[in-house]
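So the chains spell out like this:
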Amino acid sequence: MPLIALGLNHLTAPVSLREQVAFDAAVAPEALGDLTRQPGVEEAMILSTCNRTELYCSVAEGFETVPGQWLTRQHRLTPQRLDEFLYRHDEQDAVRHMFRVATGLDSMVLGEPQILGQVKEAYQQARSAQSLRAPMERLLQHTFAVAKRVRTDTRIGAHTVSVAYTAVRLAEQVFTDLRQACVLLIGAGETIELAARHLADKNVRRLIVANRTLENAQELAGRYAGYAIALADLPRHLAEADIVITSTASRQPVVTRTMVADAIAARRRRPMFMVDIAVPRDIEPEVAALDDVYLYGIDDLKQVIDENRRSRELAAREADAIIDLQVERYMSWRRALNLRNPAVDLRQAAEAQRDEVLAKAQAMLAKGRPAEEALAFLANTLTNKLLHTPSARLRDAAMAGDLDLLHAAGRLYGLDPDDDLSA
């Protein structure tokens, strides 16, 4: 049952395509159910973040292309539109890819810790959808252990720069003193909370949090001395913001060109700095054409992030060495699943011999033979049947001088290793 990892990410596909193939949490369970109903698909997990959409699947032999075909249909894309951006890893390469993703080695920000939480969320979605069996369940547990070990044994997480921090740092380059800036955060998830924490450390003049659910905005804003608004009130407050950072799960833009144009006019042409780190995008791309607006998307952050990447490359090499070892350990376990277990065969053969001898002993009793005679027959005959073949093999090994087999038999039957089995 081959294991494959199929997907696209920030290295292979533009954000315009990544947002088309993204799965939000609301549709993931239904999508998983549909995927596992496809011919040959035995197990599945969907990992969808702002930088990647990936399918991890165990499939029957000959059905390796089914997940990719499903992904194309699911998002109503043509193979020509999608295939050139997709990558596929098989078997141990798929295991290695999952380990590298979970440890942050495949992230835009090398070693960033958020991705592990996103993998765990994808795992819980798959468990809830009952789309996992023993092989992938074991793989995910192994993945979490590997990620923990990499963070413990290497410095991959030292001075890690998150996407949220990168957005704040970029804003700081535009507004030298953030203490004079009003910042509008749109969303209330983990990325926005990280941004709020970094902004609070910079002592921004004013912090506004907008979210579709006002209570969530109020909770987040309250932790960082900010002001909360409902998403519906965004047009009335947008002009107040010098800096806008947005990361929601909306399938449609929440900030339109018209809204920003009106805000710039109300600001009397004072510039506005905007960072959209959502996929799908929260800000209409046409906003970038407006004068006095500086719009950065998730892919624009890469240059800033690359400056911080070099310091963690040595740790990444150490992490890859750990991963290579753990890949082989998992694959050894997986290969063992496909091996015929001789212990099962041995037990089945012994039980068949037992049933045969027991039937004969019961027949003796039925004919009036003494119970002692039937029990003696049962004990002696069963012992002879169970030991006949092993005894013959060991006698041949002794005659041939096959000490390896003799000592192996001693260990198998729990005999004293000091016994001279060849005597």
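So, a few notes on the structure that sits alongside this text.

The rules behind these values
- Residue positions are given per chain, counting from 1 as you read along its sequence in written order.
- For a predicted model such as this one, the threshold for reporting local features is a pLDDT of at least 70, and the threshold for listing and counting side-chain atom pairs is 80 or more; totals across whole chains, interfaces and linings nevertheless cover every residue.
- Hydrogens and water are ignored here; the side-chain numbers use all heavy atoms of the structure.
- Between the rings of Phe, Tyr and Trp (Trp by its six-membered ring), a pair exists once the centres lie within 6.5 Å; its type follows the angle of the planes, with under 30 degrees stacked, over 60 edge-to-face, and the other angles tilted.
- Segments assigned H or I by DSSP are reported as helices when at least four residues long, segments assigned E as strands when at least two residues long, and all are numbered from the N terminus.
- Whether a residue is buried, partly exposed or exposed follows from its accessible area with a 1.4 Å probe, protein chains only, as a fraction of its type maximum: under 20%, in between, or over 50%, in that order.
- Pairs of strands are assigned from DSSP output, requiring at least two bridges between the strands.
- Every angle, taken between N-to-C directions, lies between 0 and 180 degrees, and every axis is a line fitted to C-alpha atoms, over only the stretch in contact when it is a helix.
- Residues count as neighbours in contact if any of their non-hydrogen atoms are within 4.5 Å of one another.
- For this analysis, a polar contact is any N or O atom pair within 3.5 Å, provided that within protein one partner can donate a hydrogen and the other can accept it, and provided that sequence-adjacent residues contribute only side-chain to side-chain pairs.
- By this rule, a helix spans an expected 1.5 Å times one less than how many residues it contains.

Turning next to the packing of aromatic side chains. Summed over all chains, the structure comprises four aromatic pairs. A ring pair is formed by tyrosine 123 and phenylalanine 144, whose centres lie 5.5 Å apart and whose planes are at 70°; its orientation type is edge-to-face. Within this pair, whereas tyrosine 123 is found in helix α6 (residues 114-128), its partner phenylalanine 144 is found in helix α7 (residues 134-153), the two being separated by 21 residues in sequence. Neither residue differs from the other here; tyrosine 123 and phenylalanine 144 are each classed as buried. A centroid spacing of 5.7 Å and a plane angle of 35° characterise the contact between tyrosine 330 and tryptophan 333, whose relative ring orientation is tilted. Of this pair, tyrosine 330 and tryptophan 333 both sit in helix α14 (residues 313-337), three residues apart, which is roughly one turn of that helix.

A few words on helix α5 (residues 92-102). Buried within α5 we find Ala94, Val95, His97, Met98, Phe99, Val101 and Ala102. Taken from the residues just after α5, glycine 104 is the one with a positive phi, measuring 85°.

Turning our attention to the sheet that holds strand β6 (residues 206-211). Strand order across the open sheet formed by six strands is β7-β6-β5-β8-β9-β10, with parallel pairing between neighbours. Every other strand in the sheet has two partners, leaving β7 (227-230) and β10 (293-297) as the edge strands with one partner each. Averaged over all neighbouring strand pairs, the angle between strand axes comes to 15°, with direction disregarded. With five bridges connecting them, strand β5 (residues 182-186) and β6 associate as parallel partners.

Here aspartate 292 shows up in the loop between β9 (272-276) and β10. Judged by relative accessible area, aspartate 292 falls into the partly exposed class, the value being 26%. Remark: the alpha-carbon pair of aspartate 292 and valine 101, spanning 191 residues in sequence, is separated by 38 Å. Those residues in contact with aspartate 292 that sit more than four places away from it in its chain are Ile264, Arg269, Arg270, Pro271 and Met272. A polar side-chain atom of aspartate 292 sits 3.0 Å from a polar atom in the side chain of arginine 269.

What follows covers α6. For α6, spanning 15 residues, the distance from its first C-alpha to its last is 21 Å, which sits close to the expected 21 Å at 1.5 Å a residue. Of the positions making up α6, those classed as buried are Gln114, Ile115, Leu116, Val119, Ala122, Tyr123 and Ala126.

On to the environment of aspartate 177. Residue placement: aspartate 177 occurs in the loop between α8 (163-174) and β5. It is 38 Å that separates the C-alpha atoms of aspartate 177 and lysine 120, two residues lying 57 residues apart in sequence. One polar contact links aspartate 177 to arginine 179, side chain to side chain, over a distance of 3.0 Å.

Turning next to the sheet that holds strand β2 (residues 41-48). Taking strand neighbours across the sheet as the criterion, the four strands line up as β2-β3-β1-β4 in an open arrangement whose pairing is antiparallel. Bordering the open sheet on either side are β2 and β4 (87-90), each of which pairs with just one other strand. Ignoring strand direction, the axes of neighbouring strands in this sheet form an average angle of 15°. Pairing of strand β1 (residues 3-9) with β4, which is carried by four bridges, proceeds in the antiparallel orientation. The residue bridging leucine 6 from the neighbouring strand is arginine 88, located in β4.

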